[in-house]
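The primary structure of each chain is shown beneath.
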Amino acid sequence: MSGKVSLSDILITLLFITLTTVMMFGQTAASSKKFDPTAVIWYEHPADKWENAFPVGNGRLGAMVFGRTDEERIQLNEETYWSGGPYNQTRKGGREHLAEIQKLIFEGDYIKAHHLFGRYLMGYPVEQQKYQSLANLILNFEAKGDVQNYIHQLDLDSAIVTTSYVQNGVSYRREVFSSPVDQVIVVGIEASRPGAISFRAELRGCRNQAHSNYATDYFQMDGYGQDGLILAGKSADYLGVPGRIRYVSLLKVVTEGGEVKAGYKDLRVKGANSVTLFISAATNFVSYKELSTDPLIKAQAALQAALKKDYQTIKEDHIASHRKLFRRVSLDLGSTENSFLPTDERIKNYDGKNDPNLAALVFQFGRYLLISSSRPGTQPANLQGIWNESMNPSWDSKYTTNINTEMNYWPAEVTNLSECASPLFKMIKELTDQGSEVAREHYGCRGWVFHQNTDIWRVAAPMDGPDWGAFTTGGAWLCTHLWEHYLYTRDKDFLAEYYPIMKGSVEFFLDFLVPHPKYGWLVTNPSTSPENFPDRPGNITFFCETTGWMSPGTTLCAGSTIDLQILSDLFSYVAEASKILGVDEEFRKKVLETRAKLAPLQIGKSGQLQEWLEDWGQKEKSHRHISSLYGLYPGNQISLSRTPQLAQAARAVLEQRGLVGNGWASAWKMACWARLAEPEKAMDNFLYYLKNYVFNNLFAICSNALQVDGSFGMTAAIAEMLLQSHEGSIDFLPALPATLCSGRVSGLVARGSFEVSLEWEKGNLKQAELVSRKGETCRLKVKSGRRPKVTGSGGLVSCKKVGRDIIEFKTMAGEKYMINF
């Protein structure tokens, strides 16, 4: 064999090296087409706008990653950066005018009642504070030229955004994640050629440019040592409330090779082999009424701790923490060729039948967002989770509680993310602070009350205007989540801790409810059915002095259907909780006596479930809110088996509202259709949602704005099609559509604290696995003539029939049971 090396040998060797590096650095799961289409969202191009960027979050720190190759933008959020500071909206003495307002409403003089409500019962200031954008990390890369093999992807299973491409023969790869372990956002950059990474970085602050002529927010950008940047600033005054938030964000760069030099406001990296950027951020926020911590010390502590660990360790710890939650549930509904398309194309090509696993991806995306925006110790997920690029976001990116905040947490229990709801529970407890003042000053009642919106400062008074603010059952609705958590976990200590909160809400309504002079039933007054203007005599357009604009009428009424449904649920939950805990026997009797006097649900002349006590129409034909259907879902007062007439009336409402609405409306309708065992109707809403109410990254759309509620709601609705347990028994595959006729799911949770896994084929359940967490008796709903065989570790388990199509068997805590049909 000759020792000479030919030119062709050299070229072949160089080609081999190039191909190898492309494989090493240029491939992602998406580019290789060897990925799980239920857990990867990807494009073949950068995000064209913020709404289509990919989100990462650790519950506290969020980022939206664009994936650009020339000037990358990573938009940053810290969950406690809000405008203003601690304040109070309570209006002293409002209770003195309550009786007159109630009298006017009962007499039908709704517009005059509206004026008085606005003048005496609205909180002041009328509006609330805004969630803010923290910063933008800008990476301006020196490398220019055409880009090939571009892939931008979000892996839901690892919670990492990866951007890979080839430019000038060099393969580049970037990874971005927000670590819940180390409390930093990490950006890793690598290249296939040594010395190929050069860029300029800026950590740019955000200011309210729309209000720049009088805004009082400010920031300063500086170098931080020789290899870092610092951004420091304060929040804006707003609505007369001083901006008292102080914040700091720090960036440190660690390179392999090359040079790093920080200027007075930017940082340059030249000729590096690989680069890791660590970003920490903190504010002076301690609680809704205390701002005393030093944000610099807090940000430095997180950054310094992270710098003691290498990139791979931080990444592995992050993935392990995320997967501990995310991998509790898996869902496979079947893949096709369409399942492996880029996600924007996948959505565009979807016809409702050709990609069953797109529903699984939507399902898992909602779970991913909840893990990323709501963890123990953080704030709850707001209207946009923790992601917001605007200083004036839609609806202030607050907590809207006439559907949206509740929907955010619908999937928490059933999809095995129970601890992700703990921030919501803490917020409910905090709301009782000002909520008790509002109850006393606005209404002259005991207990506590909360309406349709709050912010990080936990204000509780009516806001926006009477048409929205008169929703007195916002806090009561939130309290139903406390009971649901108990039903799913059977955590008696939790129930004992939160029982006083639930009781306080009921105490308010025991005082607030009044007899209707015409019907004699107990009703809420004033009341409203969220945001829906009834078409009734005299409900004309008028100028509202509270809002300063022309109102199409007023929503004020007495005893809206949703109010009475929520209270019927909450009263029964509190009564049952007091029985379980062995307390308040006399109070329990009073609660049940009062519940029996609540106005019953009404069916209108068109066969629909009435939204109000009177059979009024609505000014907006296909209104987005389906508030009267709370009792169907998420409540439990309307049932195909127990109340078939009401179920038919609920169906009439859904038919009347149709498909039009917004993202969260589609999710709510889909869940309601699942409760009515109409899977094809549910899937009609799913298809309409994907074609009209999602961005390319699967974030839900509400009036052109990004919101998380619809994404969460879709996860819950899909779960509702696969598993129901609200009727006191577990129902497998209660609303399975033909397009999802085969599949498997593992890790869902049923009430009674049972973990459920299912496998089905051609519409028939093959096998179910059930893990009993607390040793409760298990009740199963079975189809007629299909009595299952249940086996545990000790063999065949004895089952007995306890009702029509219901069997039960005893379980042991921690035991697994196989159910075969």
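Residues numbered from 1 in each chain as written. Predicted model: local features only at pLDDT ≥ 70, side-chain atom pairs only at ≥ 80, totals over all residues. Heavy atoms only, no water.

Draft legend 1. Highlighting the overall build of the protein. The helix and strand tally for the protein stands at 20 helices and 42 strands. Counting every position in the protein, which comprises 821 residues, the buried fraction comes to 63%. By sequence separation, contacts in the protein at least 24 residues apart represent 70% of the contacts at least 6 residues apart. Carbon and sulfur atoms make up 50% of the accessible area of the protein, which amounts to about 30,000 Å² in all. Charged side chains in the protein number 88 positive and 89 negative. The centres of these two groups are separated by 3 Å. (Helix = DSSP H or I, 4+ residues; strand = E, 2+ residues; numbered from the N terminus. Buried < 20%, exposed > 50% of the residue type's maximum accessible area, 1.4 Å probe, protein only. Contact = heavy atoms within 4.5 Å. Areas by Shrake-Rupley, 256 points an atom, 1.4 Å probe, with all protein chains shown as cover. Lys, Arg positive; Asp, Glu negative; His and termini not counted. Charge placed at Lys NZ, Arg CZ, Asp CG, Glu CD.)

Draft legend 2. Geometry of the confidence of the model for the protein. Overall, the prediction assigns the protein a mean pLDDT of 95, with 95% of residues at 70 or greater. Scored below 50 in pLDDT, residues 1-26 makes 18 contacts in the model with residues more than four places away or belonging to other chains. (pLDDT = per-residue confidence, 0-100.)

Draft legend 3. Spotlight on the packing of helix 18 (residues 663-675) against helix 20 (residues 709-722). With their axes 8 Å apart at the nearest point, helix 18 and helix 20 run at an angle of 10 degrees to one another. Comparing the axis directions of helix 18 and helix 20 gives the class roughly parallel. Relative to helix 20, helix 18 is oriented so that their crossing is left-handed. Touching G663, W664, S666, A667, M670, A671, A674 and R675 of helix 18 are D709, G710, G713, M714, A717, I718, E720 and M721, all from helix 20. For the contact of helix 18 with helix 20, the class distribution of residues is nine nonpolar, four polar and three charged. (Axes fitted to C-alpha atoms, helices over the stretch in contact; angles between N-to-C directions. Parallel < 35°, antiparallel > 145°, perpendicular 65-115°, else oblique. Left-handed = near helix turned anticlockwise from the far one by under 90°. Nonpolar A, V, L, I, M, F, W, Y, C, P; charged D, E, K, R; others polar.)

Draft legend 4. Quick peek at the pairing of strand 38 (residues 789-792). Where burial is concerned, the two faces of strand 38 differ: the one with V790 and G792 is buried and the one with K789 and T791 is not. Sheet analysis places strand 38 next to strand 42 (residues 816-820), joined by three bridges and oriented antiparallel. Bridge pairing in strand 42 links V790 to I819. Summarising the sheet, strand 38 and strand 39 (residues 795-796) pair through two bridges and their orientation is antiparallel. (Pairing = 2+ DSSP bridges.)

Draft legend 5. Spatial organisation of the environment of G195. Position of G195 relative to the elements: it lies in the loop between strand 9 (185-191) and strand 10 (197-205). According to the relative accessible area criterion, G195 is partly exposed, its value standing at 32%. As for G195 and E441, which are separated by 246 residues in sequence, their C-alpha atoms are 68 Å apart. With residues up to four places along the chain from it excluded, the contact list for G195 reads G271, A272 and N273.

Draft legend 6. Spotlight on the pattern of salt bridges. As enumerated under the stated definition, the model contains 52 salt bridges in all. For K315, the salt bridge goes to E175, with nearest N and O atoms at 3.0 Å. Remark: E175 occurs in strand 8 (residues 170-178) and K315 occurs in helix 6 (residues 311-326); sequence separation between them is 140 residues. With a relative accessible area of 15%, K315 lands in the buried category. On the basis of relative accessibility, which here comes to 8%, the residue E175 falls in the buried class. Via salt bridges that share partners, R200, E202, R204, K265 and D266 belong to a single interconnected network. (Salt bridge = Lys/Arg side-chain N within 4 Å of Asp/Glu carboxyl O.)

Draft legend 7. Inspection of the sheet that holds strand 33 (residues 730-732) at higher detail. Pairing is mixed across the open sheet formed by five strands, whose spatial order is 32-33-37-41-40. At either end of the open sheet lies a strand with only one pairing partner, and these are strand 32 (723-724) and strand 40 (800-803). With two bridges joining them, strand 33 and strand 37 (residues 778-781) adopt parallel strand pairing. Pairing of D731 across the sheet is with K781, part of strand 37.

Draft legend 8. View of the sheet that holds strand 13 (residues 246-256). The antiparallel open sheet is built from nine strands, whose spatial order is 1-6-7-8-9-16-13-12-11. Each of the sheet's edge strands pairs with one partner strand only, and the pair in question is strand 1 (40-43) and strand 11 (218-223). With strand direction ignored, the average angle separating the axes of adjacent strands in the sheet is 15 degrees. Contacts between helix 6 and the sheet are confined to strand 7 (160-167), strand 8, strand 9 and strand 16 (274-283), with strand 8 contributing the most and set at about 50 degrees to the helix.

Draft legend 9. Quick look at the packing of helix 13 (residues 474-489) against helix 14 (residues 492-512). Running from N to C, helix 13 and helix 14 point in directions that differ by 155 degrees, and their axes come no closer than 10 Å. Accordingly, the angle class assigned to the pair helix 13 and helix 14 is roughly antiparallel. When you trace helix 13 past helix 14, the crossing you get is left-handed. Residues G475, A476, C479, L482, W483, H485 and Y486 of helix 13 touch helix 14, and the partners they reach there are K492, F494, L495, Y498, I501, M502, S505 and F509.

Draft legend 10. Highlighting helix 8 (residues 357-373). Over its 17 residues, helix 8 runs 24 Å from end to end, which matches the ideal 24 Å to within 8%, given 1.5 Å per residue. Across the 17 residues that make up helix 8, a large majority, 17, are buried. (Expected span 1.5 Å × (residues − 1).)

Draft legend 11. Here's a closer look at the packing of aromatic side chains. All told, the structure shown has 35 aromatic pairs when counted by the stated rule. Taken together, a centroid distance of 6.0 Å and an interplanar angle of 80 degrees make the contact between Y350 and F686 edge-to-face. One end of the pair, Y350, is in the loop between helix 7 (343-349) and helix 8; the other, F686, is in helix 19 (residues 679-692), with 336 residues separating them in the sequence. A relative accessible area of 4% places Y350 in the buried class. The exposure class of F686 is buried, given its relative accessible area of 0%. Taking 6.2 Å as the distance between ring centres and 70 degrees as the angle between the ring planes, the aromatic pair formed by W410 and W668 counts as edge-to-face. With W410 in helix 10 (residues 410-414) and W668 in helix 18, this pair connects stretches of sequence that are 258 residues apart. The same class applies to W410 as to W668, namely buried. The positively charged end of R536 is found above the aromatic ring belonging to W616, 4.8 Å away from the centroid. (Phe/Tyr/Trp six-rings, centres within 6.5 Å; stacked < 30°, edge-to-face > 60°. Lys NZ or Arg CZ within 6 Å of the ring centre and 35° of its normal.)

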